[in-house]
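As a plain string of letters, each chain reads:
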Amino acid sequence: MKLHKKAKRTLYALLASAAVLTASVQVGAISWFGPGSDTPDGNETASQEYKTVASNGTLELQMTSGTGRLRIVEKATNHVWRSWKKDELTEEEVNTFTFLQSNVESALMCTYFSKDVADASYQTIYSDECSSLTIAEREDGADVSYVFKDIGIEIVVQYRLEDNTLRVSIPKDTIRETGDNLLATISVAPFFGSGRDTDDGFVLLPDGSGTLVRFKEEHPDYTSHYEQSIFGSDTVRVEEDIYSNKEDVMLPVFGISNGGYAMTCDIREGAEDTNLVCWPSGYRLRVTSAYPTFQLRRPYYATLSNTSTVRKYSTGPISHGFSAVYTFLGQGKDSYSDMAVSYRAYLLESGILQDKLKTDAVLALDIFMAAQESKMLSNEYIPVTTFSQAQDMLGELIGQGADNLLVQMTGWTKGGYTASPNRFPIPGQIGGASGSAAFSEFAEKAGIPVYYADDYLSADKEKGTVNLNTVVYQGNRLIAETDTLGTKYLFSPLYVKQCFEKAKKSYQKSSIHGLIFERMGKELYFDYNPKYQDMTRYDTAQVWQQVLKSWTDQGGRAAAQGGNAYVLPYTDWVRDIPSRDSGYFFRDETVPFYQMVVHGSVLYTGMPINLFSDSRMDYLKMIEYGCTPLFVLSHDSPQKLIASDYNQLFSSEFSQYRERIAQEYQTFSTDFAGISSQAMIGHQKVADEVYCTTYADGTQVYVNYGHTPYTDALVTVEGENYTIKGR
């Protein structure tokens, strides 16, 4: 005889409760019926009641025995963070998706696939569908075991309280797959902390610089939601799409603010293989939620014998565990500024960020040297700046008082910019190794750090020798992009490391002491090249860090294109940091969350001033977001590059900008002196088109994007201008 589903769950819950009580005796945990427990309301079974399983001086962790649904109580104010119960959602909030009603109670949402099925179709299962659930209490938390007997999968989730945080971990050795099914993803607490349309709050997503999705009653129904891989797209980008509006997730954290309280969730282990998900209200349900999805196995496209492709999942063992830490900020600390300050404090404490800048340059220069023009029979090398000319350019600026600079050299490699994997010897047309050494010596004596941009990831078959045994495979397919300029690949991570180790001596011979690692701070990919071990994105991030550490350990200066969190411990400067989000239709406001986290620890630059599309508005945004100003320069006219493989410089000739650079240097060294070394502790919109950024030393920078002046009791800001207070 088959049991009714509710009866089965009740039976399993009773068995689980008995197991938990036994476990609590063994470990001395708090009783189910201790302080803070819910009282049954007559509509709930015993398995649906919240019981206290752990408590410290700040937080209380409560769970239901039937579903493992969790609740956190902030003890100072008795504020409760929780998921929904299915009968709490109104018919309107369910929004016709009645099948999701029971799922909102789930503490776990998983996808799995059969390893014997040819394509990558998958099934979804929720924790409230498990055949048995066991909660083993500990003094600082609980271990919750979910057994899905029918599909042969068991998952143990560990919950641990520490101070004002809850750590949720899934160690890889606590996942058991005993049948023909394998896990693809695990989403933890998918509706924890979610907000109703009538609530006062928002979700903070680290999309680009940062974006807010506010809880609001007026909104359309949406056909899609937000789901992005932390540290960039999971789809390999052989060539960067400069015209895309989509921005990456550079920090593994999101936040939820609701009713005067806020929490952040940062991924401490496995961020490289984690997606951040946000369901805006109007997508299926009329509540807004955010949660992490751990990607245990990646989908890819395999080529069949008939040359067609099929989407499959990797079937190898799980390579690492995952953990997320929820930090509860307390009453009144409910702004995105509070979230940034809290997350920055963790990064400082853990050593991911330094408490002071390694360089406090007033202004940065990107000196472009050479590119190639592809022709039918051969490629033509086109120099626009030599090392001698670059030295003269620096000398002129120093003579005008602009001496606290940061310099990037681009296109110095054999073949010029975009000619990867060519590197040495440095072409004689721009001065060769001796010219590089002389320029570096001049800059070092002037106290100006120089960084040579080098791309170890790109493999352009038309520009140099590329062994296809050394490039990225996903499944049994080479990942390539073919266009009018040729065929491009990405090198396997372990091959990148080998190449870098070989190049170190050549850097020394050319007196190169600083490197900008192109793409390494924004590109993360997995690789199944049969010549090397299978590499997850987690593994690739480890390799990128090993390369950076190897360089800095020998005294080199490191910078990176892109600001993904894994490069922050090793870099002085991160480049191409966006001052915008991706512009998703459900988002409400762009905020400088990334900038607030790193300002005062790592110098960052965005779009060069002389390439701004809206010169005044972009200039003000640079000031509001605390960016170091940047110019891209060449000695000769960029018109020489118009037919080259790099034709994106429209205005860079030094003779046209020498006076502007000296003027901007004077402005920033006077108005913003010392600000680059200060933490950014506050940011707020004070009026329509008026924003205020606050620094740790009390300095406040007001920016007015409107055409008319803004005045309040504290400040007056002219239209399309800025004002600084507190200095």
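Residues numbered from 1 in each chain as written. Predicted model: local features only at pLDDT ≥ 70, side-chain atom pairs only at ≥ 80, totals over all residues. Heavy atoms only, no water.

A. Expanded view of the overall build of the protein chain. Counting secondary structure elements, the protein chain contains 10 helices and 45 strands. Within the span of the protein chain, comprising 727 residues, buried residues form 58% of the whole. (Helix = DSSP H or I, 4+ residues; strand = E, 2+ residues; numbered from the N terminus. Buried < 20%, exposed > 50% of the residue type's maximum accessible area, 1.4 Å probe, protein only.)

B. Geometry of the pairing of strand β9 (residues 153–162). Among the 10 residues of β9, eight are classified as buried, and the element is accordingly described as predominantly covered. Both strand β8 (residues 141–148) and β9 contribute to a ladder of eight bridges, which runs antiparallel. Across the sheet, the residue bridging to D143 is Q158, located in β9. Counting the residues between successive antiparallel strands, the hairpin from β8 to β9 contains four residues, one of them, G152, with a positive phi of roughly 70°. As defined by bridge partners, β9 adjoins strand β10 (residues 165–170) across five bridges and the pair is classed as antiparallel. Bridge pairing in β10 links L161 to L166. With antiparallel pairing between neighbouring strands as the criterion, β9 and β10 make up a hairpin whose turn holds two residues, including D163 at a positive phi of roughly 55°. (Pairing = 2+ DSSP bridges.)

C. How the structure looks around helix α10 (residues 654–671). Over its 18 residues, α10 extends 25 Å from the first C-alpha to the last, a length consistent with the 26 Å expected when each residue adds 1.5 Å. For α10, the principal kink sits at R660 and spans about 25°. Buried within α10 we find F654, Y657, I661, A662, E664, Y665 and F668. Contact partners of the buried residues in α10: β24 (363–368), α4 (387–399), β27 (405–410), α9 (615–624) and β39 (630–633). (Expected span 1.5 Å × (residues − 1). Bend = angle between axes of the 7 residues up to and from the residue. Contact = heavy atoms within 4.5 Å.)

D. How the structure looks around the packing of helix α6 (residues 493–509) against helix α7 (residues 537–553). Running from amino to carboxyl end, α6 crosses α7 at an angle of 10°, the nearest separation of the two axes being 10 Å. Here α6 is positioned roughly parallel relative to α7, judged by the angle of their axes. For the pair α6 and α7, contact is made by P493, L494, V496, K497, F500, E501, K504 and Y507 and by T540, V543, W544, Q546, V547, S550 and W551, respectively. (Axes fitted to C-alpha atoms, helices over the stretch in contact; angles between N-to-C directions. Parallel < 35°, antiparallel > 145°, perpendicular 65-115°, else oblique.)

E. Quick peek at unusual backbone geometry. For the peptide bond that leads from F424 to P425, omega is 0°, which places it in the cis range. Checked against the element boundaries, P425 lands in the loop between β27 and α5 (432–445). Residue D576 is not a glycine yet carries a positive backbone phi of 60°. When you line up the elements, D576 lands in the loop between β36 (573–575) and β37 (589–590). Not every positive phi belongs to a glycine, and E689 is a case in point at roughly 70°. Topologically, E689 is positioned in the loop between β40 (680–687) and β41 (690–695). On the basis of relative accessible area, E689 is assigned to the partly exposed category, the value being 45%.

F. Just the nonpolar core, in detail. By size, the foremost hydrophobic cluster in this structure holds 178 residues, and its most contacted members are Y159 and M409. Counting residues per element, this core draws most heavily on α7, which supplies six residues. Beyond its immediate chain neighbours, meaning those up to four positions away, M409 contacts I367, M369, F387, A390, F439, V450, Y451, Y452 and A453. Of all hydrophobic cores here, the second largest spans 11 residues; its members include L357, A364, L406 and Y451. (Core = buried A, V, L, I, M, F, W, Y, C linked by side-chain atoms within 4.5 Å.)

G. Region of the structure containing the pattern of salt bridges. Following the criterion strictly, the structure yields 26 salt bridges and no others. When the shortest N-O distance is used, the salt bridge between D588 and K216 registers 3.0 Å. Here D588, found in the loop between β36 and β37, pairs with K216, found in the loop between β15 (211–214) and β16 (226–229); they are 372 residues apart in sequence, far enough to count as distant. A residue is classified by how much of its surface remains accessible, and D588, at 31% relative accessible area, is partly exposed. (Salt bridge = Lys/Arg side-chain N within 4 Å of Asp/Glu carboxyl O.)

H. Structural view of the sheet that holds strand β4 (residues 79–82). Strand order in the open sheet formed by four strands is β1-β2-β3-β4, with antiparallel pairing between adjacent strands. The sheet terminates laterally at β1 (50–55) and β4, the two strands that pair on one side only. Pairwise comparison of adjacent strand axes, ignoring direction, gives a mean angle of 30° for this sheet. In this sheet, strand β3 (residues 70–74) lies alongside strand β2 (residues 59–64) in antiparallel orientation, the contact comprising five bridges. Residue pairing for β3: Q62 is matched across the bridge by R71.

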